[in-house]
Amino acid sequence: MTDKLDLVLERTIDAPIDLVWAAYTNPEHLKRWFAPRPYEITECELDPRPGGIFRIRMQGPDGFDTGHGNPGCVLEVVEGKKLAWTSALAPQYRPAEMASEGCESFPMTAIVTFEDLGNGKTAYKAVALHANEADKEKHEQMGFNEGWGTVAGQLEEFAQSLRANA
Amino acid sequence: MLARLARGPASVSELAQPLEMSLPAVMQHLKALEDSGLIRSEKKGRVRTCRLNPGVLASAEQWLVDRRSEWEKRHDRFEEYVMDLKDKELKA
């Protein structure tokens, strides 16, 4: 199921699984590591059950502010083992509105699984799934518009060939 | 044509050869690609050679590279935070 647009990260951490799980799923903990400094998560809601809300507000010293933030949707929770959420849906599975720019402008799904390795160590795997946004971004950067169907068609073909050759 | 150019520069006739299109139609497509900044071309003698504009190619791949970097860094911070938590628990 792995696509070229999926990002997979697998790591082992020298900490017990309870602590790792809490740090990942408790909003008070999540606030502390989710945003790249000097940006800060000033508000965070994470209701760890299917259909639950996942919302963050990010602010920076340069005046950057996501405002209320587009809430995402928790998809799956297996206590201590798995958390999946998506920005493509709003809470209770309502299709989400995407922001016009920035980090909330593209849909993504995150699936994180945890495994207790014993001896106070935990392995985890974080997968980020993306839609075909790289192409979308490329279109936008080139100032594409709908009238350029031919070029867009070729681009699609080109993107597919890139993927096939990857 | 873009797929072909991804493998390296090519002349107009090389680009046209596998396509079921007239040469003028191919030229028109190439002009649209060039106007959009996707490709550039230069004429030497009677041969026009086309190549992909490297910046354009990079932007699509760059998007994913940026996402990867974001994802990796986020988990670097996560691990740092977990280790801090662990230290605090041990001291408590």
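Keep in mind that what you see is a predicted model, and the values were worked out from it rather than measured.

(A) Molecular detail of the overall build of chain A. On a plain count of helices and strands, chain A comes out with 4 helices and 9 strands. Going from the N terminus to the C terminus, chain A shows its helices and strands as β-α-α-β-β-β-β-β-β-β-β-α-α. Burial status across chain A gives 23% buried among its 166 residues. In chain A, of all internal contacts separated by at least 6 residues, the share reaching a separation of at least 24 is 40%.

(B) Local environment of the environment of Asp3(A). Residues and elements named next belong to chain A. Relative to the helices and strands, Asp3 is located in the segment before strand S1 (7–13). On the neighbour-count criterion, Asp3 (10 C-beta atoms within 10 Å) is exposed. On a C-alpha basis, the gap between Asp3 and His130 in space is 8.9 Å, while along the polypeptide they are 127 residues apart.

(C) Representation of the nonpolar core within the structure. Counting residues in each nonpolar core, the largest one holds 27 residues, and the members touching the most others are Val20(A), Tyr24(A), Leu30(A), Cys73(A), Trp85(A) and Tyr124(A). Looking at this core element by element, the count peaks at 5 residues for helix H1 (residues 17–25) of chain A. Apart from residues no more than four positions distant in its own chain, Tyr124(A) is found in contact with Arg11(A), Ile13(A), Val20(A), Val112(A), Thr113(A) and Phe114(A). Within the second largest apolar cluster, 10 residues are counted, among which are Ala16(B), Leu30(B), Leu33(B) and Leu38(B).

(D) Local environment of unusual backbone geometry. Residues and elements named next belong to chain A. Here Arg37 and Pro38 are connected by a cis peptide whose omega angle stands at 10°. Looking at the secondary structure, you find Pro38 in the loop between helix H2 (27–33) and strand S2 (40–46). One non-glycine residue, Gln92, adopts positive backbone phi at about 60°. Mapped onto the secondary structure, Gln92 falls in the loop between strand S6 (89–90) and strand S7 (94–95). In this structure, Tyr93 takes a positive phi of about 70° despite not being glycine. The exposed category is assigned to Tyr93, around which 12 C-beta atoms lie within 10 Å.

(E) Region of the structure containing the environment of Gln92(A). Gln92(A) gets classed as exposed once you count the C-beta atoms within 10 Å, which come to 10. Counting along the chain gives 18 residues from Gln92(A) to Val74(A), while the straight-line C-alpha distance between them is 8.5 Å.

(F) Seen up close, H1(A). For H1(A), the set of buried residues is Ile17(A), Val20(A), Trp21(A), Ala23(A) and Tyr24(A). Take H1(A) and look down its axis: the buried residues cluster within an arc of 165°, on one side only.

(G) Main features of the pairing of strand S3 (residues 47–52) of chain B. Residue and element names in this part refer to chain B. As paired strands, strand S1 (residues 10–11) and S3 are joined by 2 bridges and run antiparallel to one another. Bridging across to S3, Ala10 finds its partner in Cys50. Of the pairings in the sheet, the one linking strand S2 (residues 39–44) to S3 comprises 6 bridges and is antiparallel in character. Note on S3: the bridge partner recorded for Lys43 is Arg48. If you look at the hairpin formed by S2 and S3, you'll find 2 residues sitting between the two strands, and Gly45 has a positive phi there, around 60°.

(H) Broad picture of helix H3 (residues 23–35) of chain B. Between its first and last C-alpha atoms H3(B) spans 18 Å; for 13 residues at 1.5 Å apiece the expected length is 18 Å, and the two agree. Where H3(B) ends, the next residue or the one after it, Gly37(B), has phi of about 85°, a positive value.

(I) Broad picture of the pairing of strand S9 (residues 121–130) of chain A. Residues and elements named next belong to chain A. Bridge analysis of S1 against S9 gives 7 bridges, and the strand direction is antiparallel. From the neighbouring strand, Glu10 faces S9, where its bridge partner is Lys125. Pairing of strand S8 (residues 108–118) with S9, which is carried by 10 bridges, proceeds in the antiparallel orientation. Counterpart to Phe114 in the pairing with S9 is Tyr124. Where S8 folds back on S9, the antiparallel hairpin that results is connected by 2 residues, among which Asn119 adopts a positive phi of roughly 55°.

(J) The arrangement of the sheet that holds S1(A) in detail. Residues and elements named next belong to chain A. Overall, antiparallel pairing links the 7 strands, which are arranged S1-S9-S8-S5-S4-S3-S2 in an open sheet. The outermost strands of the open sheet, each flanked by one partner alone, are S1 and S2. On average, adjacent strands in this sheet sit at an angle of 20° to one another, irrespective of strand direction. Relative to strand S3 (residues 53–59), S2 runs antiparallel, the two sharing 6 bridges. Looking across to S3, one finds that Ile41 is bridged to Met58. Contacting S1, S2, strand S5 (82–86), S8 and S9, H1 crosses the sheet at an angle of about 165° to S8.

The rules behind the values
- Every chain begins its residue count from 1, and numbering advances along the sequence as written.
- Here every chain gets a letter starting at A, and every ligand a number starting at 1, in the order they are written.
- Local features in this predicted model are restricted to residues whose pLDDT is 70 or higher, and side-chain atom pairs enter the listing and the counts only when it is 80 or higher, whereas totals over whole chains, interfaces and linings include all residues.
- Labels follow the DSSP assignment, with helices taken as runs of H or I lasting at least four residues and strands as runs of E lasting at least two, numbered in each case from the N terminus.
- Backbone-placed C-beta atoms define the burial measure: a residue is buried with 20 or more other C-beta atoms within 10 Å of its own, exposed with 12 or fewer, and partly exposed in between.
- Note on contacts: each residue gets a C-beta atom placed from the backbone, and two residues are in contact if those atoms are within 7 Å.
- Nonpolar cores are built from buried Ala, Val, Leu, Ile, Met, Phe, Trp, Tyr and Cys residues. These are joined into a set through C-beta atoms within 7 Å.
- Summarising the geometry, the arc corresponds to the directions from the helix axis toward the C-beta atoms.
- For two strands to be treated as a pair, DSSP must find no fewer than two bridges joining them.
- What a helix should span is 1.5 Å times the count of its residues minus one.
- Axis lines are fitted to C-alpha atoms, over the contacting stretch for helices. Their N-to-C directions set the angle, which ranges from 0 to 180 degrees.

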